[in-house]
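The chain contents come next:
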Amino acid sequence: MRWLTTVSAVAALAGQALSQDAPAPTFPFPTSCSGVEAPRYPYTVDAGWEVTKIASGLRQPRTIIFDPLGHMLVLQATMGISVHTFGADGCINSTKTLFQSSGLNHGLSLTPDGKTLYASSQTTAWSWTYDAAAMTVTGQKTVVSGIGQGIHSTRTILVSPKNPNLILVSVGAASNWDNPTIDPSVGRAIVKVFDMSKAPANGYSYNSQGTVLGYGLRNEVALAFDPNGHVWGAENSGDDFRRTVNGQATDIHIDNPAEELNYLGDPAAPLANNWFGYPTCFTVWEPSNFKDNTALKTGSQFVVTPNTTFSDASCDGKSVPPRLSFPAHMAPISNAFDPAGENLYITFHGSWDRQPAQGYFVAEVPFKKNADGTYDPVAAPDSKTGYKNIIGAQNPGGCNSPSLTMSTCWRIAGLSWDQAGQRLFASSDNQASGEIFVLRKKA
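Residues numbered from 1 in each chain as written. Predicted model: local features only at pLDDT ≥ 70, side-chain atom pairs only at ≥ 80, totals over all residues. Heavy atoms only, no water.

## Considering the overall build of the protein chain
Piece 1. Within the protein chain, the regular secondary structure consists of 1 helix and 32 strands.
Piece 2. Against the globule reference of 22 Å for 443 residues, the protein chain gives a C-alpha radius of gyration of 21 Å, in line with a compact fold.
Piece 3. Reported as C-alpha extents along the three principal axes, the dimensions of the protein chain are approximately 70 × 50 × 45 Å.
Piece 4. Expressed as a percentage of its 443 residues, the buried residues of the protein chain come to 59%.
Piece 5. Partitioning the contacts of the protein chain with sequence separation of at least 6, the portion at a separation of at least 24 is 59%.
Piece 6. Carbon together with sulfur atoms contributes 51% to the accessible area of the protein chain, which is approximately 16800 Å² in total. (Helix = DSSP H or I, 4+ residues; strand = E, 2+ residues; numbered from the N terminus. Rg over C-alpha atoms; globule rule 2.2 N^0.38 Å. Buried < 20%, exposed > 50% of the residue type's maximum accessible area, 1.4 Å probe, protein only. Contact = heavy atoms within 4.5 Å. Areas by Shrake-Rupley, 256 points an atom, 1.4 Å probe, with all protein chains shown as cover.)

Here's what the structure looks like:
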């Protein structure tokens, strides 16, 4: 990337000439970008897609969004937020630090009018007034505080496109087995909704205020809105599971529990039953591991230690099952629907808890619009083929990832369509080399 400390005068004047209400400019798809390093890690791409690396040298780029003028905002974990403009060749032509903070680690979202920006640390969410033409932020406010800490430190924050006063904030479990989260008032393993039009002067307290959209969600990092403004979340499920039946333990952790795709519903009208199972009910990916219960299939829910008080069947009707499942430990990080709602795209950060490793790719999940106007995956809930890999590590089974951002492969994290809905951007937050790629479906 052509790293510049200030935006060029030409770009600044062009930005000032654009109206916030004008349509976002469109840019060509670049086949290469001058000055950008070659991809650090080998990958393969589906024959129906093309890809170009457009940025390198970033610090753990976790989240990508676009403002109404087509500028790309990137949250770089432990560094802050940067803003990038594009030249006529579709490559980045200027970069500016928008806000510097070592505490920011994941969450970043913008209201549809492009005027209010939100970001989060592990414990706090803030807002700023954002000026897209000047590429500046002012008026920092605390909007949510008192968020608990634990092994899952990222806090996804997302503005509702249909109700921009509503923001979602997701908090994961404090540990692999965070048993107190069976009570939503604990404020972990949960997604909550906060109405910014009614925010207290000092912001909301996470645990005691806001509305529960869904709980029993172990670590629902990846959140996205479908065209109706309803929420879909992809969940990072548990690690190191052993199924214990009549005192006999069997290691099932290589292929179970499944990662999940959950329908969380309308943030303005949460589901009547919004408990999604954690820390009791989990989802099967590989049913052959369950010798004691041959009725289980992919997408079924199970308990780790069934007994006369609570068995696998007890989950039925109590826990909301996922709409689709994915192989264990792939670690979904970001979701993004295409503009038509025909596909949901998911970044899988990659596994550390199994050998051979898996994940490290962007998935395409086909969706359909039902007769009642709702959206749903095309595949059945028990399908193992409801998605496809459009770009991924060349040899995922050989990837070694000793920590969240360290790996011998890329760690796909951020994902976003540009304002025109034509180019799909994905980031790798491997701390050895923060990279951003642009993808496009071939005609």
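## Here we look at the layout of surface pockets
Piece 1. Of the voids in this model, the largest pocket is the one considered here, and its volume is about 1000 Å³.
Piece 2. Along the walls of the largest pocket sit 42 residues, with Leu 158, Pro 161, Phe 225, Ser 416 and Trp 417 positioned nearest its centre.
Piece 3. Listing elements by their share of the lining of the largest pocket, those giving two or more residues are β3 (61-66), β7 (108-110), β11 (157-159), β16 (222-225), β25 (332-337) and β30 (412-417).
Piece 4. In terms of residues, the lining of the largest pocket owes the most to one element, β25, which gives 5 residues.
Piece 5. Residue composition of the lining of the largest pocket, grouped by class: 23 nonpolar, 14 polar and 5 charged.
Piece 6. Quantified by volume, the second largest pocket comes out at close to 530 Å³.
Piece 7. Lining the second largest pocket we find 24 residues, and of these His 152, Asn 219, Asn 236, Trp 352 and Leu 404 sit closest to its centre.
Piece 8. Its residues placed into classes, the lining of the second largest pocket shows 7 nonpolar, 11 polar and 6 charged. (1 Å grid on protein atoms, 1.4 Å probe; cavity = no way out; pocket = protein on both sides within 12 Å on 5 of 7 lines; lining within 4 Å. Points joined across faces, edges and corners; volume = space filled by probe spheres on them. Nonpolar A, V, L, I, M, F, W, Y, C, P; charged D, E, K, R; others polar.)

## Re the side chain of Arg 411
Piece 1. Within the fold, Arg 411 resides in the loop between β29 (388-393) and β30.
Piece 2. Polar side-chain contacts of Arg 411 include one of 2.8 Å to the backbone oxygen of His 349.
Piece 3. Reaching out from Arg 411, the side chain makes a polar contact with the backbone oxygen of Gly 350 at a distance of 3.2 Å.
Piece 4. Not counting the four nearest positions on each side in its chain, Arg 411 is found in contact with His 349, Gly 350, Tyr 360, Ser 401, Ser 403, Leu 404, Thr 405, Met 406, Ser 427, Ser 428, Asp 429 and Asn 430. (Polar contact = N/O pair within 3.5 Å; in protein donor to acceptor, adjacent residues only side chain to side chain.)

## A word on the packing of aromatic side chains
Two aromatic rings are characterised by how far apart their centres lie and by the angle between their planes.
Piece 1. A full pass over the atoms with the stated rule returns 25 aromatic pairs.
Piece 2. The interplanar angle of 70° and the centroid separation of 5.8 Å between the aromatic rings of Tyr 345 and Trp 417 together place this pair among those described as edge-to-face. Taken together, the residues span a long stretch of sequence, with Tyr 345 in strand β26 (residues 343-348) and Trp 417 in strand β30 at a distance of 72 residues.
Piece 3. The exposure class assigned to Trp 417 is buried, which follows from its relative accessible area of 15%.
Piece 4. The rings of Trp 177, Phe 241, Tyr 278, Phe 282, Phe 290 and Phe 302 are connected pair by pair, giving a single aromatic cluster.
Piece 5. Across from the ring centre of Tyr 206, 5.4 Å away, lies the NZ or CZ of Lys 192, which sits over that ring.
Piece 6. The ring of Phe 86 has Arg 423 sitting right over it, with the charged end atom 4.8 Å from the ring centre. (Phe/Tyr/Trp six-rings, centres within 6.5 Å; stacked < 30°, edge-to-face > 60°. Lys NZ or Arg CZ within 6 Å of the ring centre and 35° of its normal.)

## Notes on the sheet that holds strand β2 (residues 49-58)
Piece 1. Strand order in the open sheet formed by 4 strands is β2-β32-β31-β30, and the pairing between neighbours is antiparallel. Strands with a single pairing partner mark the edges of an open sheet, and in this sheet they are β2 and β30. Going across the sheet, the axis of each strand differs from the next one's by a mean of 20°, ignoring polarity. (Pairing = 2+ DSSP bridges. Axes fitted to C-alpha atoms, helices over the stretch in contact; angles between N-to-C directions.)

## Points about the state of the cysteines
Piece 1. Enumeration over the complete set of coordinates arrives at 3 disulfides.
Piece 2. Here Cys 33 engages in a disulfide with Cys 91; their sulfurs sit 2.0 Å apart. Around the S-S axis, the bridge from Cys 33 to Cys 91 shows a dihedral of about -90° and counts as left-handed. Separated by 58 residues along the polypeptide, Cys 33 in the loop between α1 (9-17) and β1 (43-45) and Cys 91 in the loop between β5 (80-86) and β6 (92-100) bring together distant segments of the chain. Each member of the pair, Cys 33 as well as Cys 91, is classed as buried.
Piece 3. Across a sulfur-sulfur distance of 2.0 Å, Cys 399 and Cys 409 are joined as a disulfide pair. Taking the torsion about the S-S bond as the criterion, the Cys 399 to Cys 409 disulfide, at about -90°, is left-handed. Of the two residues, Cys 399 is situated in the loop between β29 and β30 and Cys 409 in the loop between β29 and β30; the sequence distance between them amounts to 10 residues. Per residue, the accessibility class of Cys 399 equals that of Cys 409, and both read buried.
Piece 4. Along the protein chain, the cysteines that take part in disulfide bonds pair up as 1-2, 3-4, 5-6, counted in sequence order. (Disulfide = S-S within 2.5 Å.)

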